[in-house]
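The residues making up each chain are set out below.
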Amino acid sequence: MSLQAPIKLQKLQKALHAKAKGSPDFRFYALYDKFYREDVLAHAYREGRNAHDAVRHVHKLLNAGHTEVIDADLSGYFDSIPHAELMQGVARRISDRHVLALIKQWLVAPVEEDDGRRRRKRTTQAKDTKRGIPQGAPISPLLSNLYMRRFLLGWKTLGLEARLEARIVNFADDFVIGCCGTGDVAMEAMRGMMQRLKLTVNEQKTRHWRIPQEHFDFLGYTFGRCYSAKDGHAYIGTRPSRKTIKAVWRRLSEATTRRGLAKGPEEQVAGLHPIVAQHERLHPQEAAQGR
């Protein structure tokens, strides 16, 4: 499926982008009617998008010398985002009161959960604690990225990226920091910034890796020393993690059960193709590193 926006939507995107970039202090005051435009809603539904761009970026950083990696983990990121600070960030660029009111309603909306006894349980934790984004809400990924952007921008504006030669690659709340011999300092700087953002670093899952002596997993892939299938020489490469491979085998096994084999050949292939295609897109580019 093409991710190219329709011409009419492209014009809207370009106009908003140009205004936002050209006037950093400008606040958008008439956006509510854009939310329910049919073309906007149709294109906003992001089937086929994935984290491979972030994986490729990490791969390039490693091969460019950023071989000390901070693999960070945040405890309960979605549940920890403070509403006041989040809305402050939203209001810096949006003054449309209808949009702001709608976002606030999403933040404090009750959440229904299954209590394990086939009964529904409604909680108002986000409203009571004034923290957290209800997971599953349509706008949750956007708001979580918006708050994470404070960390990404702060890293640059405080001069940490340039001074430490430390580059952040993130996908939602999953992120790594590629460093050139400055991993310990970058780790402490990251901890300090997360504290100011009222987020908690999961110390048990946050690690400082040194490549190629060690390897780490990120977004379903393992990064570290690989060996060329052609002549056996070592190189820094990327491959699907063991967890990912097991998941693929499990899905393939489920799709080829006796009941699945009762389907016609075309229907079987149609069911297997998405499973295989989802995990093969990365390899042509990275495999070249080992040739």
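Our subject is the structure that appears above.
Conventions used here
Every chain is numbered independently, its residues counted from 1 as its sequence is written. Thresholds applied to this predicted model are a pLDDT of at least 70 for local features of residues and 80 or more for the giving and counting of side-chain atom pairs; totals over whole chains, interfaces and linings are not thresholded and use all residues. Computation of side-chain values: all heavy atoms of the structure, hydrogens and water removed. Stacked, tilted and edge-to-face are the three classes applied to pairs of Phe, Tyr and Trp rings, where Trp contributes its six-membered ring and a pair requires centres within 6.5 Å; stacked means planes under 30 degrees apart, edge-to-face means over 60, and tilted covers the rest. Residue exposure (1.4 Å probe, protein chains only): buried if accessible area is under 20% of the type maximum, exposed if over 50%, otherwise partly exposed. Every helix listed is a DSSP run of H or I at least four residues long, and every strand listed is a run of E at least two residues long, numbered separately from the N terminus. Here a polar contact means two N or O atoms within 3.5 Å. Within protein one must be a hydrogen donor candidate and the other an acceptor candidate, and residues neighboring in sequence count only if both atoms are side-chain atoms. The pairing criterion for strands is at least two bridges between them, as found by DSSP. Axis definition: a line fitted to C-alpha atoms, over the contacting stretch in the case of helices. Angles run 0 to 180 degrees between N-to-C directions. Only heavy atoms enter the contact rule, under which two residues are in contact if any of them lie within 4.5 Å. A carboxyl oxygen of Asp or Glu within 4 Å of a side-chain nitrogen of Lys or Arg is what we treat as a salt bridge. These descriptions rest on fixed angle ranges, namely under 35 degrees for roughly parallel, over 145 for roughly antiparallel, 65 to 115 for roughly perpendicular, and the rest for oblique. Note on terminology: disulfide denotes any pair of cysteine sulfur atoms within 2.5 Å. The criterion is simple. A nonpolar core is a set of buried Ala, Val, Leu, Ile, Met, Phe, Trp, Tyr and Cys residues joined through side-chain atoms within 4.5 Å.

K.L.:
An account of the packing of aromatic side chains is needed here, citing residue identities and associated values.
P.N.:
Applying the stated criterion across every chain yields a total of four aromatic pairs. With a centroid separation of 6.0 Å and 80 degrees between ring planes, the pair formed by Tyr-77 and Phe-78 is classed as edge-to-face. Each member of the pair Tyr-77 and Phe-78 is classed as buried. Here Phe-216 and Phe-223 contribute two aromatic rings whose centre-to-centre distance is 5.0 Å and whose plane-to-plane angle is 15 degrees, an arrangement assigned as stacked. For the pair Phe-216 and Phe-223, a shared accessibility class is recorded, and that class is buried. Chaining the aromatic ring pairs together yields one cluster made of Phe-151, Trp-155 and Phe-175.

K.L.:
So what's going on with the side chain of His-52? Residues and values would help.
P.N.:
For His-52, the position within the fold is in helix α4 (residues 52-63). According to the relative accessible area criterion, His-52 is buried, its value standing at 6%. Among the polar contacts listed, one links the side chain of His-52 to the side chain of Tyr-221, at a separation of 3.0 Å.

K.L.:
Please set out the sheet that holds strand β1 (residues 68-72) residue by residue, giving values where relevant.
P.N.:
Here four strands make up an open sheet; going across it, the order is β4-β5-β1-β6 and the pairing antiparallel. Either end of the sheet is taken by a strand with one partner, and the two such strands are β4 (167-171) and β6 (207-210). Ignoring which end each strand starts from, the neighbouring axes of this sheet average 20 degrees apart. Looking at chain direction, β1 and strand β5 (residues 174-179) are connected through five bridges and run antiparallel. The residue bridging Ala-72 from the neighbouring strand is Phe-175, located in β5. Across the sheet, helix α9 (residues 140-157) is in contact with β4 and β5; its angle to β4 comes to roughly 170 degrees. Lying on the sheet, helix α11 (residues 183-196) is in contact with β1, β5 and β6; it crosses β1 at an angle near 25 degrees.

K.L.:
Help me get a handle on the pattern of salt bridges, residues and values and all.
P.N.:
Close approach of charged atoms allows side chains of opposite charge to pair. If you walk through the whole model with that rule in mind, you get four salt bridges. Measuring nitrogen to oxygen at the nearest pair gives 2.8 Å for the salt bridge that ties Glu-85 to Lys-198. Pair noted here: Glu-85 is in helix α6 (residues 83-91) and Lys-198 is in the loop between α11 and β6, with a separation of 113 residues, a long-range link. When its relative accessible area of 18% is taken as the criterion, Glu-85 is described as buried.

K.L.:
Which residues make up the sheet that holds strand β7 (residues 216-218), and what values do they have?
P.N.:
What the three strands build is an open sheet, ordered β7-β8-β9; its pairing is antiparallel. Only two strands of the sheet have a single neighbouring strand rather than two, namely β7 and β9 (234-240). Looking at each pair of strands side by side, their axes are set apart by 40 degrees on average, direction ignored. In the sheet, strand β8 (residues 221-227) pairs with β9 via seven bridges, with the strands oriented antiparallel. Note on β9: the bridge partner recorded for Thr-222 is Arg-239.

K.L.:
Kindly report on the packing of α6 against α9, identifying the contributing residues and their values.
P.N.:
The description of two helices packed together rests on the angle between their axes and the distance between the axes. Where α6 contacts α9, the axes come no closer than 10 Å and their chain directions differ by 90 degrees. The angle between α6 and α9 places the two elements in the roughly perpendicular class. Residues Glu-85, Leu-86, Gln-88 and Val-90 of α6 pack against Leu-143, Leu-146, Tyr-147 and Arg-150 of α9.

K.L.:
How would you explain the pairing of β8 if you had to name every residue and give the values?
P.N.:
Taking burial as the measure, the seven residues of β8 include five buried ones, the bulk of the element. Looking at chain direction, β7 and β8 are connected through three bridges and run antiparallel. Directly across from Phe-216, in β8, lies its bridge partner Phe-223. In this structure, the hairpin formed by β7 and β8 is closed by a connection of two residues, where Leu-219 is found at a positive phi of approximately 55 degrees.

K.L.:
Go over the environment of Met-87, please, and point to the residues and values.
P.N.:
Among the secondary structure elements, Met-87 is positioned in helix α6. For Met-87, a relative accessible area of 12% translates into the label buried. Sequence separation between Met-87 and Leu-107 is 20 residues, and the spatial gap between their C-alpha atoms is 9.8 Å. Setting aside chain neighbours within four positions, we find Met-87 in contact with Leu-100, Ile-103, Lys-104 and Leu-107.

K.L.:
Requested: an account of the state of the cysteines, with residues and values cited.
P.N.:
Going through the model one piece at a time under the given rule, you end up with zero disulfides. Cys-179 forms no disulfide, and the closest cysteine sulfur to it belongs to Cys-180, at a distance of 7.7 Å.

K.L.:
Any chance you could break down the nonpolar core for me, citing the residues and the numbers?
P.N.:
Of all hydrophobic cores here, the largest spans 39 residues; its most connected members are Phe-151, Trp-155, Phe-175, Ile-177, Met-190 and Met-194. If you list the elements that add at least two residues to this core, you get β1, α5 (77-80), α6, α7 (97-108), α9, α10 (160-164), β5 and α11. Listed in part, the 15 residues of the second largest apolar core include Val-58, Leu-62, Phe-218 and Tyr-221.

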